[in-house]
Amino acid sequence: LEDQYSPSRWSRRLDRDTIIDAHFEVMAAGTERARASAQTLLHVPYGNGDREKLDIYFPTNPSETFPVLVYIHGGYWQCLSKDDSGFAAPPLVSQGVAVVAVGYDIAPKGHMDTMVLQVRRSLIFLVEQYPRIRGIYLCGHSAGAHLAAMVLSTDWTEFKVVPDIKGAVLVSGVYDLEPILHTYVNDALNMSREVAQRNSPMRHVTPAVPAACEVLVAVAQHDSPEFRRQSQEYSQALREAGWSVSLLDLAGVDHFDVIEKLSEDSYMLTQV
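About the cut-offs
Residues numbered from 1 in each chain as written. Predicted model: local features only at pLDDT ≥ 70, side-chain atom pairs only at ≥ 80, totals over all residues. Heavy atoms only, no water. Axes fitted to C-alpha atoms, helices over the stretch in contact; angles between N-to-C directions. Helix = DSSP H or I, 4+ residues; strand = E, 2+ residues; numbered from the N terminus. Parallel < 35°, antiparallel > 145°, perpendicular 65-115°, else oblique. Left-handed = near helix turned anticlockwise from the far one by under 90°. Contact = heavy atoms within 4.5 Å. Nonpolar A, V, L, I, M, F, W, Y, C, P; charged D, E, K, R; others polar. Buried < 20%, exposed > 50% of the residue type's maximum accessible area, 1.4 Å probe, protein only. Pairing = 2+ DSSP bridges. Phe/Tyr/Trp six-rings, centres within 6.5 Å; stacked < 30°, edge-to-face > 60°. Disulfide = S-S within 2.5 Å. UniProt positions renumbered as here; feature names shortened; annotations may be inferred. Polar contact = N/O pair within 3.5 Å; in protein donor to acceptor, adjacent residues only side chain to side chain. 1 Å grid on protein atoms, 1.4 Å probe; cavity = no way out; pocket = protein on both sides within 12 Å on 5 of 7 lines; lining within 4 Å. Points joined across faces, edges and corners; volume = space filled by probe spheres on them. Core = buried A, V, L, I, M, F, W, Y, C linked by side-chain atoms within 4.5 Å.

- As recorded by an unreviewed UniProt entry, the chain carries the name KFA formamidase and is attributed to Sinosuthora webbiana.

As structure tokens, then:
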């Protein structure tokens, strides 16, 4: 399990010591470029916590209303931040789409229950603050795909607002947290079995409502067999519950460049 849940061991491009540093550099540099080129509103608070903030990248030529892509960063719930998460904005803002990068409390400060609630609350904030938004599209990578999937299982009645989520793009995610309990990843997270089960999207697939959003589960060719299994099983569970879901197996990429390439107009996932 340690091996299977160490994405850096499975890349064909770089060795495991350099790939994570390289990934952080690519994300940071891409975000810097995005901030320089797009109209932005940075560090918008959606709550009172230090990390409860959003970065908003507005469309180049916004129409009266515009769709928004909400990006939830990865980093195994314990590194990265919204400040490295604007790299995908340039191709999208040029097409009239706003991009929002969500900050949340990472471990060890952040508890898994807290992170899930923060991401849900960030969407409520967006809907209430920006009435011009026409449809929300979630995009999460790795741990962020897990958080985005948890959003899909939300019972919105307790929030009194239902965000209009039109689509979700889940990239190289973890949808069952139980295996994580037995690995180094849980050292910082300190999850009990109850917490892992409560926050496993695989265990909380709700029957699709008539207007349920479309879900795209994407996985990299060079993700580990365990990551690939999780993507296949979660997409299957959604399909069986009546969701409109497709599984996209992206050739020639690993756990890291599968998301880095979202900064490129011609990349298949950007196009989708």
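Now that the structure has been shown, the text picks up again.
**As for the packing of helix H3 (residues 112-129) against helix H4 (residues 143-152)**
Next up, step 1: Across the interface, H3 lies against H4 with an axial gap of 10 Å and an inter-helix angle of 65°. Our classification of the angle between H3 and H4 gives roughly perpendicular. The two elements H3 and H4 cross, and the hand of that crossing is right-handed. The segment H3 lies against H4, with Met112, Met115, Val116, Val119, Arg120 and Leu123 engaging His146, Leu147, Met150 and Val151.
Next up, step 2: Classifying every residue of the contact of H3 with H4 gives eight nonpolar, one polar and one charged.

**Comments concerning the pairing of strand S2 (residues 53-58)**
Next up, step 1: S2 sits mainly inside the fold: five of its six residues count as buried.
Next up, step 2: Inspection of the sheet shows strand S1 (residues 39-45) paired to S2 by five bridges, in the antiparallel sense. By the bridge assignment for S2, Val44 is matched with Leu54.
Next up, step 3: Here S2 runs beside strand S4 (residues 98-102); their pairing, made up of four bridges, is antiparallel. The partner of Tyr57 across the bridge, within S4, is Val99.

**A word on the packing of aromatic side chains**
Next up, step 1: Under the criterion given, the structure shown has seven aromatic pairs.
Next up, step 2: Ring plane angle 55° and centroid distance 5.4 Å describe the contact between Trp156 and Phe159, whose orientation is recorded as tilted. A single burial state applies to Trp156 and to Phe159, both of which are buried.
Next up, step 3: Here Tyr175 and Tyr234 contribute two aromatic rings whose centre-to-centre distance is 4.5 Å and whose plane-to-plane angle is 10°, an arrangement assigned as stacked. Placement of the pair is Tyr175 in the loop between strand S6 (165-171) and helix H5 (186-189) and Tyr234 in helix H7 (residues 225-240), with a sequence separation of 59 residues. Just as Tyr175 is buried, Tyr234 falls in that class too.
Next up, step 4: The rings of Tyr76, Trp77 and Tyr184 are connected pair by pair, giving a single aromatic cluster.

**Some points on the state of the cysteines**
Next up, step 1: Counted by the stated rule, this structure contains zero disulfides.
Next up, step 2: Just so you know, Cys139 is unpaired, no disulfide at all, and the nearest cysteine sulfur is the one on Cys213, 13 Å from it.

**Some remarks on the UniProt feature "domain: BD-FAE-like" (unreviewed entry) in the chain**
Next up, step 1: Per the UniProt record, the feature "domain: BD-FAE-like" (unreviewed entry) sits at residues 54-154.
Next up, step 2: With 33% helix and 26% strand, residues 54-154 has end C-alpha atoms that lie 20 Å from one another.

**Looking at H4**
Next up, step 1: Counting buried positions over the ten residues of H4 gives ten, a clear majority of the element.
Next up, step 2: Turning to H4, its buried residues number three or more, namely Ala143, Gly144, Ala145, His146, Leu147, Ala148, Ala149, Met150, Val151 and Leu152.

**Topic: the environment of Thr183**
Next up, step 1: Mapping Thr183 onto the fold places it in the loop between S6 and H5.
Next up, step 2: Remark: the alpha-carbon pair of Thr183 and Glu2, spanning 181 residues in sequence, is separated by 5.2 Å.
Next up, step 3: Beyond its immediate sequence surroundings of up to four residues, Thr183 is in contact with Leu1, Glu2 and Tyr5.
Next up, step 4: A distance of 2.9 Å separates a polar side-chain atom of Thr183 from the backbone oxygen of Ile180.

**What about empty space enclosed by the protein?**
Next up, step 1: As enumerated under the stated definition, the model contains two cavities of 30 Å³ or more in all.
Next up, step 2: There is about 50 Å³ of room inside the largest cavity.
Next up, step 3: Considering the residues around the largest cavity, the lining is formed by Ala149, Leu152, Ser153, Pro201, His204, Val205, Thr206, Tyr234, Leu238 and Trp243.
Next up, step 4: The set of elements that each furnish at least two residues to the lining of the largest cavity consists of H4 and H7.
Next up, step 5: Looking at the lining of the largest cavity, its residues break down into seven nonpolar, three polar and no charged.
Next up, step 6: Roughly 40 Å³ of volume is contained in the second largest cavity.
Next up, step 7: Residue lining of the second largest cavity: Ile56, Phe58, Phe66, Val68, Ala98, Val100, Leu126, Tyr130 and Ile133, and that is the complete set.
Next up, step 8: Where the lining of the second largest cavity is concerned, the elements lending two or more residues are S2, strand S3 (66-72) and S4.
Next up, step 9: Considering only residue class, the lining of the second largest cavity consists of nine nonpolar, no polar and no charged.

**Observations concerning the nonpolar core**
Next up, step 1: Ranked by internal contacts, the top residues of the largest apolar core, which has 61 residues, are Trp77, Leu138 and Leu170.
Next up, step 2: Here Leu138 is in contact with Val70, Leu123, Ala148, Val151, Leu152, Ile165, Gly167, Ala168 and Val169, once residues within four sequence places are set aside.
Next up, step 3: In this structure, Ala34, Leu69, Val93 and Leu216 belong to the second largest nonpolar core, which totals 26 residues.

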